[in-house]
Amino acid sequence: SAVLHDMRESLLPAYPGKYLTSNVLWKETMEPYGERYQLLQGRNSTVLLFGFLYNMRNPSETIEVVRIQDAVKEDWFLQALTETEYDAIVVLAHMESDYRHIDDIYQQIRANVDPKMPIQFIAGHSHKRLYSKPVRKDNYYREMEPGGFFDTIGWVTLPRVSTAWEKS
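The notes below deal with the structure included here. (Residues numbered from 1 in each chain as written. Predicted model: local features only at pLDDT ≥ 70, side-chain atom pairs only at ≥ 80, totals over all residues. Heavy atoms only, no water.)

### Points about the pairing of strand E3 (residues 46-53)
The criterion, for reference: Classification of residues uses two cut-offs on accessible area relative to the type maximum, computed with a 1.4 Å probe and protein chains only: under 20% is buried, over 50% is exposed, and between them is partly exposed. Helix numbers and strand numbers start at the N terminus; a helix is a DSSP run of H or I with at least 4 residues, a strand a run of E with at least 2. Whether two strands pair comes down to DSSP finding at least two bridges between them.
E3 sits mainly inside the fold: eight of its eight residues count as buried. What you see with E3 is no split at all: Thr46, Leu48, Phe50 and Phe52 on one side and Val47, Leu49, Gly51 and Leu53 on the other are buried throughout. In terms of strand pairing, strand E2 (residues 37-41) meets E3 through five bridges, oriented antiparallel. Residue pairing in the sheet places Gln41 in a bridge with Thr46 of E3. Between E2 and E3, which follow one another and run antiparallel, lie four residues.

This is the structure:
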């Protein structure tokens, strides 16, 4: 709890709008611990970015982790998907790449966006490189977990919706 309060007083103000915690709330106010999502604007495209923590029971006296399967049904999540302009979606997932709730996030995103919208999951929790090849749910979905302890950094290229390819 002391670390989380220290982060609130020092880290979060130093990086306003940059700390992503899509499903983490302050227990005392039930307000988001950080930003629930962010838009990253590049030279030619915009990426909608989420950051989810795995379902954790009683993480501390200070924060509440909203279950992923509940968070993806909340108004803020649906509004971010449907009322924001972007070219691709990236989900930073503090969980193993084969964690079952990654599919909950994917299914809710796919149900609310264009079927050709590129979706990239970057997972990490196992501290080992689980997948060196992308896992595919559709032609516009990719998932990876770079190596543990940053021994391997992944490289991702996403097509824009207008240039996304379909499998022949």
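Here the narrative resumes.
### Re the packing of aromatic side chains
Spelled out, the test is: Between 30 and 60 degrees the pair is tilted, below 30 it is stacked and above 60 it is edge-to-face, where a pair is any two Phe, Tyr or Trp rings, Trp via its six-membered ring, whose centres lie within 6.5 Å. A ring is scored as having a charge over it whenever the NZ atom of a lysine or the CZ atom of an arginine sits within 6 Å of its centre and within 35 degrees of its normal.
As enumerated under the stated definition, the model contains ten aromatic pairs in all. Summarising the aromatic geometry, the rings of Phe50 and Phe77 are spaced 4.8 Å apart at their centres and angled 45° between planes, so their arrangement reads as tilted. Residue Phe50 is found in strand E3, and its partner Phe77 is found in helix H4 (residues 75-82); the two are separated by 27 residues along the sequence. The pair formed by Phe50 and Phe77 is uniform in burial state, with each residue classed as buried. Look at Tyr106 and Tyr141: their rings are 4.8 Å apart centre to centre, the planes differ by 70°, and that puts the pair in the edge-to-face class. Of the two residues, Tyr106 is situated in helix H5 (residues 101-112) and Tyr141 in strand E7 (residues 141-144); the sequence distance between them amounts to 35 residues. On the accessibility criterion, Tyr141 (0% relative accessible area) is buried. Following the ring pairs from residue to residue traces out a cluster consisting of Tyr37, Phe50, Phe52, Trp76 and Phe77. Sitting above the plane of the Trp26 ring, Arg8 keeps its charged end 4.0 Å from the centroid.

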